[in-house]
Amino acid sequence: MGHNEQREAKLLERCPPGHEGKKLVNKPATILDASGAIIAWYLPDALTDTTQKEIREATDLLAPSLEKSVKADGNWRTHQKWFKQDSENVGSAPGCINISLAWFQQGHEVSASLKGPSSENILKGIARPAAIASTALRVMHPEQYFAGLQTFSNLGHKAVSKELPQMPETLEFWASVFNTLSIISNRETPNHRDHLSVAECFDVLTTVGNYSNGRMTMSSLQLEFKYNSGCMIVFSGRNVRHAVNDVEGDQIAWAWYMRDSVHIYAGVPSCGWASVHSPYSV
């Protein structure tokens, strides 16, 4: 989704960003559209050194799963052509995996990464970064935050009533209002949109590592963001076409998002758009 260059060019022509050429963003910013809807938040240096270290350590726990995820064919997200391989600059295992307590379409199974003997350690390892991303969402899109809380409450009731023993165990340690975390290690990311996300919802992306010249581009907005270690960028991955360049060094990105199918399964209506005019605005 978002790979059709001809279609994207027509969309850009029909909905121009309001400025000429590509603009570099390297200071904290909130991006709005003409109606006051919030398109993106950009927070460089949002994560402390301690939090960055926790993200790297939690990612290391998942190294076997990351290594197995890289394929010679199939979906671009795990295709080997986009990953760094056999490079002395790569510290973390290249790969892309999803962690979720409700991964499949029916919304009633935890992902494979949370079914092994290390699942509790993994959940504890991601807990504080998860809470930080959730706290940011509480400020940036309160309506989405409360929709996430309601989803987990409903999932807990469904897990008990349908006798799904793994989900209550995972819920006990799951520290995020988001239902899915994608861990992306040492991968270049081409222009795309994330069709599994909820259109009105924000995704929270953070990046850490020992690398230089990181950039995230949002071609539909004609914006380029400095994407250095410790950065947080928040936007709708379904609506905004985006890409991340290849970098020199070792890079890990975590993307927290809400899957539409999980909200539907839990019976939680979609939230509205974040806006400076919202009654929830802070």
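Computed from a predicted structure; not experimentally measured. (Residues numbered from 1 in each chain as written. Predicted model: local features only at pLDDT ≥ 70, side-chain atom pairs only at ≥ 80, totals over all residues. Heavy atoms only, no water.)

## Things to note about the overall build of the protein chain
For clarity, the threshold we go by: By the criteria applied, helices consist of DSSP H or I runs no shorter than four residues and strands consist of E runs no shorter than two, each listed in order from the N terminus. Partly exposed describes any residue whose relative accessible area lies between the buried limit of under 20% and the exposed limit of over 50%, with all areas from a 1.4 Å probe on protein chains only and scaled to the type maximum. What makes two residues a contact is simply this: any of their non-hydrogen atoms within 4.5 Å. A 1.4 Å probe and the Shrake-Rupley method give the accessible areas. Residues count as covered only by the protein chains that appear here.
A tally of helices and strands in the protein chain yields seven helices and twelve strands. Classification of the 282 residues of the protein chain by burial places 50% in the buried group. Considering only contacts within the protein chain whose residues lie at least 6 apart along the sequence, 78% involve residues at least 24 apart. When the accessible surface of the protein chain is split by element, carbon and sulfur atoms take 51% of a total near 13,500 Å².

## Regarding the nonpolar core
Selection rule: Here, nonpolar core refers to any group of buried Ala, Val, Leu, Ile, Met, Phe, Trp, Tyr and Cys residues whose side-chain atoms link them within 4.5 Å.
Of all hydrophobic cores here, the largest spans 49 residues; its most connected members are Trp 174, Trp 254 and Trp 256. The biggest single contributor to this core is helix α4 (residues 119–140), with eight residues. Ranked by size, the runner-up nonpolar core spans 22 residues in total, among them Leu 205, Met 218, Leu 223 and Ile 233.

## Quick notes on the environment of Ala 46
Tracing the sequence through the fold places Ala 46 in the loop between β3 (38–43) and α2 (49–61). Using a relative accessible area of 35% as the deciding quantity, one classes Ala 46 as partly exposed. For the pair Ala 46 and Cys 231, spaced 185 residues apart in the sequence, the C-alpha separation amounts to 5.5 Å.

## Considerations on unusual backbone geometry
A positive phi angle is found at Asp 45, which is not glycine, with a value near 60°. Checked against the element boundaries, Asp 45 lands in the loop between β3 and α2. Its relative accessible area of 65% is what places Asp 45 among the exposed residues. Notably, Asn 186 is not glycine yet its phi reads approximately 50°, a positive angle.

## Description of the environment of Gly 36
Turning to its location among the elements, Gly 36 is positioned in the loop between β2 (29–32) and β3. Separated by 240 residues in sequence, Gly 36 and Val 276 place their C-alpha atoms 5.6 Å apart. Ignoring any residue separated from it by four or fewer positions in sequence, one finds Gly 36 in contact with Ser 275, Val 276 and His 277.

## Side note on the pairing of strand β10 (residues 231–235)
Rule in force here: One requirement defines pairing of two strands: DSSP has to find at least two bridges between them.
Among the five residues of β10, five are classified as buried, and the element is accordingly described as predominantly covered. Neither face of β10 is exposed, since Cys 231, Ile 233 and Phe 235 on one face and Met 232 and Val 234 on the opposite face are all buried. In this sheet, β10 lies alongside β3 in antiparallel orientation, the contact comprising four bridges. Directly across from Leu 43, in β10, lies its bridge partner Met 232. Taken together, the five bridges between strand β7 (residues 203–212) and β10 define a ladder with antiparallel strand orientation. The residue bridging Thr 207 from the neighbouring strand is Cys 231, located in β10.

## Description of helix α5 (residues 142–161)
The criterion, for reference: Helix span is expected to be 1.5 Å times the residue number reduced by one.
Here α5 contains 20 residues, and its C-alpha end-to-end distance of 29 Å stays within 8% of the 28 Å for a straight helix at 1.5 Å per residue. Residues Pro 142, Gln 144, Tyr 145, Ala 147, Gly 148, Thr 151, Phe 152, Asn 154, Leu 155, Gly 156 and Ala 159 constitute the buried set of α5. Elements that come into contact with the buried residues of α5 comprise α4, α6 (166–173) and α7 (260–266).

## Thoughts on the sheet that holds β2
The following threshold applies: Fitted lines through C-alpha atoms serve as axes, helices being fitted only where they are in contact, and the angles separating the N-to-C directions of these axes extend from 0 to 180 degrees.
Strands sit in the order β2-β3-β10-β7-β12-β5-β4 across an open sheet of seven strands; the sheet is antiparallel. In this open sheet, the two edge strands, each paired with only one partner strand, are β2 and β4 (95–100). Strand-to-strand, the axes of this sheet are offset by a mean angle of 15°, without reference to chain direction. When β2 meets β3, the two strands line up antiparallel, connected through four bridges. Note that in β3 the partner of Ile 31 across the bridge is Ala 40. Sheet strands in contact with α2 are β5 (180–185), β7 and β12 (248–257), and its direction is about 90° off that of β12.

## Quick notes on the confidence of the model for the protein chain
Our working rule: For every residue, the predictor reports its confidence as pLDDT, a number between 0 and 100.
Considering every residue of the protein chain, the mean pLDDT works out to 87; 84% of them sit at 70 or more. When mean pLDDT is taken per element in the protein chain, β10 scores highest with 98 and helix α1 (residues 5–14) scores lowest with 64. Note that pLDDT drops below 50 for residues 104–108; the model gives that stretch 13 contacts with residues more than four away or on any other chain.

## Regarding the packing of aromatic side chains
Between two aromatic rings, the relevant description is the distance of the centres plus the angle of the planes. Which entries qualify depends on this criterion: Under the pairing criterion, centres of Phe, Tyr and Trp rings, with the six-membered ring standing for Trp, must be within 6.5 Å; the plane angle then separates stacked pairs below 30 degrees from edge-to-face pairs above 60, leaving the rest tilted.
For the structure on display, the rule yields five aromatic pairs. A centroid spacing of 6.1 Å and a plane angle of 75° characterise the contact between Trp 174 and Trp 256, whose relative ring orientation is edge-to-face. Of this pair, Trp 174 sits in the loop between α6 and β5 while Trp 256 sits in strand β12, and the two are 82 residues apart along the sequence. Three or more aromatic residues joined by ring pairs make a cluster, and in this case those are Trp 174, Phe 178, Trp 254 and Trp 256.

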